[in-house]
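# Coordinate analysis (summary)
Listed below, chain by chain, are the residues.
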Amino acid sequence: LGAPTVLRAQVLQRGKGLELLTLNATIFLRSMGVCGTLSYFVSLSGRLGTVVLAGNSVLMQMQMLLSYSTDGIGNAAEVLVGEAVGQRSSTAVRAASLAVGRCAVVLAAGQAALLVVGGPWLVNLLTDHQEVRDCAIRLLPCLWISPLPSCAAYLMDGVYIGGTRAGAM
């Protein structure tokens, strides 16, 4: 019973509530930008025909599978950097960021290797239409490079949100 009262008092403090609203608004705007970008990509794919749209849909599903594991990098960064910021230790913030960054590089390399080796198998698992398979496999090399920027994006997302600096994103 005491925790909600303490939390309510902290949020209602002058500046704290505004800081929380600003942080959430920034995250919301970032999320809307991601949704808009994905929608635009799907729209462009549709203009290229149904086979390309379906092929890109298969690749987007594969990217979503990657993002589920990659999101763990962001979550870890949020927690570790948030704790370090709470301790007011720039050394701990740097150490946390570097530690999670190393994990992100290892994860990205592993994901890229899995895509190179197992990508065609996964495409075949996701669709049984040969034209769509051919299109997705032809475009698969584009997905091979996606783990590195994806892991970097999730890492920085976690660092900035954990450090309550979402506005800098």
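All values reported here derive from a predicted model rather than from experimental measurement.

## So, the overall build of the protein chain
Scanning the protein chain from N- to C-terminus turns up 6 helices and 0 strands. Secondary structure elements of the protein chain, listed N to C terminal, follow the sequence α-α-α-α-α-α. Counting all 169 residues of the protein chain, 28% fall into the buried class. Long-range contacts, defined as pairs at least 24 residues apart, comprise 73% of the intrachain contacts of the protein chain with a sequence gap of at least 6.

## Here's the deal with unusual backbone geometry
Backbone geometry follows two general trends: most residues other than glycine have a negative phi, and most peptide bonds adopt the trans configuration. Positive phi, normally seen in glycine, also occurs at R88, with a value near 55°. Relative to the elements of secondary structure, R88 occurs in the loop between α3 (50-86) and α4 (90-126). Note on R88: relative accessible area 76%, which makes it exposed.

## Observations concerning the layout of surface pockets
Roughly 870 Å³ of internal volume is contained in the largest pocket. Only α2 (16-47), α3, α5 (130-144) and α6 (147-162) provide two or more residues apiece to the lining of the largest pocket. Top contributing element to the lining of the largest pocket by residue count: α3, with 8 residues.

## Quick word on the packing of α3 against α4
Viewed as axis vectors pointing N to C, α3 and α4 meet at an angle of 170°, and their least axial separation amounts to 10 Å. If you check the angle between α3 and α4, you find them roughly antiparallel. A class-by-class count of the residues in the contact of α3 with α4 yields 22 nonpolar, 6 polar and no charged.

## Looking at the environment of E131
Position of E131 relative to the elements: it lies in helix α5. As for E131 and V51, which are separated by 80 residues in sequence, their C-alpha atoms are 6.7 Å apart.

## A word on the nonpolar core
Listed in full, the 11 residues of the largest apolar core are V58, L59, M62, L66, L115, L122, V123, V132, A136, L140 and L143. Secondary-structure elements contributing two or more residues to this core are α3, α4 and α5. Not counting the four nearest positions on each side in its chain, L115 is found in contact with M62, L66, P120, L140, L143, W144 and P147. Counting residues in each nonpolar core, the second largest holds 10 residues, with A77, V100, A108 and V159 among its members.

## Observations regarding α5
Helix length check: α5, at 15 residues, gives a terminal C-alpha distance of 21 Å against a target of 21 Å (1.5 Å per residue), a fit within 8%. At R138, α5 shows its maximal bend, which comes to roughly 40°, and the proline P141 appears one to four places after that position. Residues of α5 that are buried include every one of V132, R133, C135, A136, L140 and L143, and no others. Where α5 is buried, its residues meet α3, α4 and α6.

## Thoughts on the packing of α3 against α6
The relative placement of two packed helices is expressed as an angle between their axes plus a distance between the axes. Here α3 crosses α6 at 30°, and the two axes come no closer than 7 Å. Classified by the angle between their axes, α3 and α6 sit roughly parallel to one another. For the element pair α3 and α6, the recorded crossing hand is right-handed. Each of Q63, L66, S67, T70, D71, I73, G74, A77, E78, V81, G82 and V85 in α3 lies in contact with α6, whose residues at this interface are P147, S150, C151, Y154, L155, D157, G158, V159, I161 and G162.

Each value, and the rule that gives it
- Here, residues in each chain are numbered from 1, in the same order as that chain's written sequence.
- The model is predicted, so local features are restricted to residues of pLDDT at least 70 and side-chain atom pairs to those at 80 or more, both for listing and for counting; the totals for chains, interfaces and linings are taken over all residues.
- In computing side-chain values, all of the structure's heavy atoms are included and hydrogens and water are not.
- Secondary structure follows DSSP: runs of H or I at least 4 residues long count as helices, runs of E at least 2 residues long count as strands, and numbering of each begins at the N terminus.
- Categorising residues by exposure relies on relative accessible area from a 1.4 Å probe, with only protein chains included: less than 20% of the type maximum marks a residue as buried, more than 50% marks it as exposed, and the intermediate range marks it as partly exposed.
- Note on contacts: a residue pair qualifies if any of its non-hydrogen atoms lie within 4.5 Å across the two residues.
- Here a cavity denotes a set of grid points, spaced 1 Å apart and computed over the protein atoms alone, in which a 1.4 Å probe fits but from which it cannot get out, and a pocket denotes an open set meeting protein on both sides within 12 Å along at least five of seven lines; residues with an atom within 4 Å of a point are reported as lining.
- Grid points are joined across faces, edges and corners, and a volume is the space filled by probe spheres set on the points.
- As a rule, the C-alpha atoms of each element are fitted with a line to give its axis, helices using only the stretch in contact, and angles between N-to-C directions run from 0 to 180 degrees.
- By definition in this entry, angles of less than 35 degrees are roughly parallel, angles greater than 145 are roughly antiparallel, angles of 65 to 115 are roughly perpendicular, and the rest are oblique.
- Three residue categories are used. Nonpolar comprises Ala, Val, Leu, Ile, Met, Phe, Trp, Tyr, Cys and Pro, charged comprises Asp, Glu, Lys and Arg, and polar comprises the others, including Gly.
- Remark: nonpolar core denotes a set of buried residues (Ala, Val, Leu, Ile, Met, Phe, Trp, Tyr, Cys) joined through side-chain atoms within 4.5 Å.
- Under the convention used throughout, the expected extent of a helix is 1.5 Å for every residue step, that is, one less than its residue count.
- Two axes enter the bend calculation: one fitted to the seven residues ending at the residue in question, the other to the seven starting there, and the bend is the angle between them.
- Two helices that cross are described as forming a left-handed crossing if the nearer one is turned anticlockwise from the farther one by less than a right angle, and a right-handed crossing if clockwise.

Any functional reading would require information beyond the geometric quantities listed.
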